[in-house]
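Examination of the molecular architecture
Listed below, chain by chain, are the residues.
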Amino acid sequence: MLGLLIGLCALLGLAVGSFLNVVIYRVPRGESIVSPRSACPSCGAPIRERDNIPVVSWLVLRGRCRDCKAPISPRYPLVELLCAGLFAGTAARFGRQWDLPAYLALFAGLLSLSTIDIERLLLPKKIVYPLTVLVAGLLLMAAAATGHWHDYAVAVICALAWFAVFFALNFASPRILGFGDVRLSLVLGVALGWLGVGYVLLGFFAANVIGAVIGILLIATKRMSRSDRIPYGVFLALGCAVAVLAGPELLRPFTHHTF
Ligand SMILES: [Zn+2]
């Protein structure tokens, strides 16, 4: 039964990943995500139905446009595969629980935001705000279905507390912490807070450890200089993924009760 759910979520992840590629391309350019149909950025030829199959089409076309042979970024199949993997992992972690949809939505949103942050050092409001409302709404539904209102209260308090801390940090030094990260803290706080305060601390801690390690590696290999801005949103998203997916194992030594 769980195997079936994981498989279905992986397939859903491929389809959602394909949609995320549209979001990643269009939202920072201020374009609509519903119309017009997808077209090749080089020659403008519309993408045919049969060339729009996640991962498979990119492999069949060997990463080139069918019409003008311009290379298609490996980012497309990569986002689709990552989304499928994240969805499968989330299904394995939560099973048939009411809060599964909230975390699927969370990871889809964070994946698109991370990709845009890497490419443009930007976390668009047009994604962050709807994502926050969607995740908070889906968790509210889970709270209503399970009666876990206490957990929901903790989630809201964690979101507001995280927002307040980041708001203060941004106020003190906007160069170190951009306001995009302040906005993002609400959805991270509500999603991790629903699981428990320990998850919020773990997510924040993991984000900074991952950020420090990758930052040192990039500076040591001269791919980045000390003065370069870092896409901190990516590390927050990674830390959040670690906390959600590996939290029960990582937090076990600190808790007396089992999850
Ligand atoms: Zn083309």
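Residues numbered from 1 in each chain as written. Predicted model: local features only at pLDDT ≥ 70, side-chain atom pairs only at ≥ 80, totals over all residues. Heavy atoms only, no water.

Let us now look at the coordination of the zinc ion. The zinc ion binds to the protein through Cys40 (SG), Cys43 (SG), Cys65 (SG) and Cys68 (SG); the donor distances cover 2.3 Å. Here the zinc ion is ringed by four donor atoms whose angles at the metal span 106 to 116 degrees, and the overall shape comes out tetrahedral. Read in sequence order, the donor residues for the zinc ion give the motif C-x2-C-x21-C-x2-C. Within this pair, whereas Cys40 is found in the loop between helix H1 (2–26) and helix H2 (56–60), its partner Cys65 is found in the loop between H2 and helix H3 (75–94), the two being separated by 25 residues in sequence. On the accessibility criterion, Cys40 (7% relative accessible area) is buried. (Donors = N, O, S within 2.8 Å, 3.2 Å for Na, K, Ca; no water. Tetrahedral: all angles 85-135°; square planar, octahedral: opposite > 155°, others 65-115°. Helix = DSSP H or I, 4+ residues; strand = E, 2+ residues; numbered from the N terminus. Buried < 20%, exposed > 50% of the residue type's maximum accessible area, 1.4 Å probe, protein only.)

Before going further, it helps to spend a moment on the packing of H3 against helix H4 (residues 100–120). Their axes nearest at 10 Å, the elements H3 and H4 cross at an angle of 150 degrees. One element, H3, and the other, H4, form an angle in the roughly antiparallel class. Here the hand of the crossing between H3 and H4 comes out right-handed. Contacts between H3 and H4 pair Arg75, Val79, Leu82, Cys83, Leu86, Phe87, Thr90, Ala91 and Phe94 from the former with Leu100, Tyr103, Leu104, Phe107, Ala108, Leu111, Thr115 and Glu119 from the latter. A per-class count over the contact of H3 with H4 returns 13 nonpolar, two polar and two charged. (Axes fitted to C-alpha atoms, helices over the stretch in contact; angles between N-to-C directions. Parallel < 35°, antiparallel > 145°, perpendicular 65-115°, else oblique. Left-handed = near helix turned anticlockwise from the far one by under 90°. Contact = heavy atoms within 4.5 Å. Nonpolar A, V, L, I, M, F, W, Y, C, P; charged D, E, K, R; others polar.)

This part takes up the packing of aromatic side chains. Here the structure, examined in full by the defined rule, presents eight aromatic pairs. Measuring from centroid to centroid gives 4.5 Å for Phe94 and Tyr103, while their planes differ by 10 degrees, and the two rings are stacked. The class for Phe94 is buried, based on a relative accessible area of 4%. Arranged with centres 5.9 Å apart and planes meeting at 85 degrees, the rings of Trp162 and Phe166 form a pair that is edge-to-face. Taken together, the positions of Trp162 and Phe166, both in helix H6 (residues 149–172) and four residues apart, correspond to about one turn of that helix. A single burial state applies to Trp162 and to Phe166, both of which are buried. Linked through ring pairs, Trp162, Phe166, Phe204 and Tyr232 together constitute an aromatic cluster. The positively charged end of Arg29 is found above the aromatic ring belonging to Tyr25, 3.7 Å away from the centroid. (Phe/Tyr/Trp six-rings, centres within 6.5 Å; stacked < 30°, edge-to-face > 60°. Lys NZ or Arg CZ within 6 Å of the ring centre and 35° of its normal.)

Glancing now at unusual backbone geometry. Between Ser35 and Pro36 the backbone carries a cis peptide bond, its omega angle lying at -5 degrees. Inspection of the secondary structure puts Pro36 in the loop between H1 and H2. Located in the positive-phi region is Lys69, a residue other than glycine, with phi close to 65 degrees. Its place among the elements puts Lys69 in the loop between H2 and H3. Positive phi outside glycine occurs at Leu121, with the angle close to 50 degrees. With respect to the helices and strands, Leu121 occurs in the loop between H4 and helix H5 (125–146).

To continue, consider the nonpolar core. In terms of nonpolar packing, the biggest core is built from 64 residues, with Tyr103, Leu106, Val135 and Trp194 touching the most fellow members. For this core, the elements supplying multiple residues, two or more each, are H1, H3, H4, H5, H6, helix H7 (179–195), helix H8 (197–220) and helix H9 (232–251). If one sorts the elements of this core by residue count, H4 sits on top with 12 residues. Sequence-distant contacts of Val135, defined by excluding residues within four places in its chain, comprise Ala102, Ala105, Leu106, Val187, Val190 and Ala191. (Core = buried A, V, L, I, M, F, W, Y, C linked by side-chain atoms within 4.5 Å.)

Turning our eyes to something else, we now look at the environment of Cys9. Here Cys9 shows up in helix H1. For Cys9, a relative accessible area of 6% gives the class buried. Setting aside residues no more than four positions away along its own chain, Cys9 makes contact with Phe87, Ala91, Leu100 and Leu104.

Looking now at the pattern of salt bridges. When charged atoms on two side chains of opposite charge get close, those side chains can pair. Under the counting rule described, the total for this entry stands at three salt bridges. Notably, a salt bridge pairs Asp67 with Arg48, separated by 3.2 Å at the nearest N-O pair. Here Arg48 lies in the loop between H1 and H2 and Asp67 lies in the loop between H2 and H3, a separation of 19 residues in the sequence. When its relative accessible area of 40% is taken as the criterion, Asp67 is described as partly exposed. Glu119 is the salt-bridge partner of Arg75, the closest N and O atoms lying 3.1 Å from each other. With Arg75 in helix H3 and Glu119 in helix H4, this residue pair connects regions lying 44 residues apart in the sequence. A residue is classified by how much of its surface remains accessible, and Arg75, at 13% relative accessible area, is buried. According to the relative accessible area criterion, Glu119 is partly exposed, its value standing at 44%. (Salt bridge = Lys/Arg side-chain N within 4 Å of Asp/Glu carboxyl O.)

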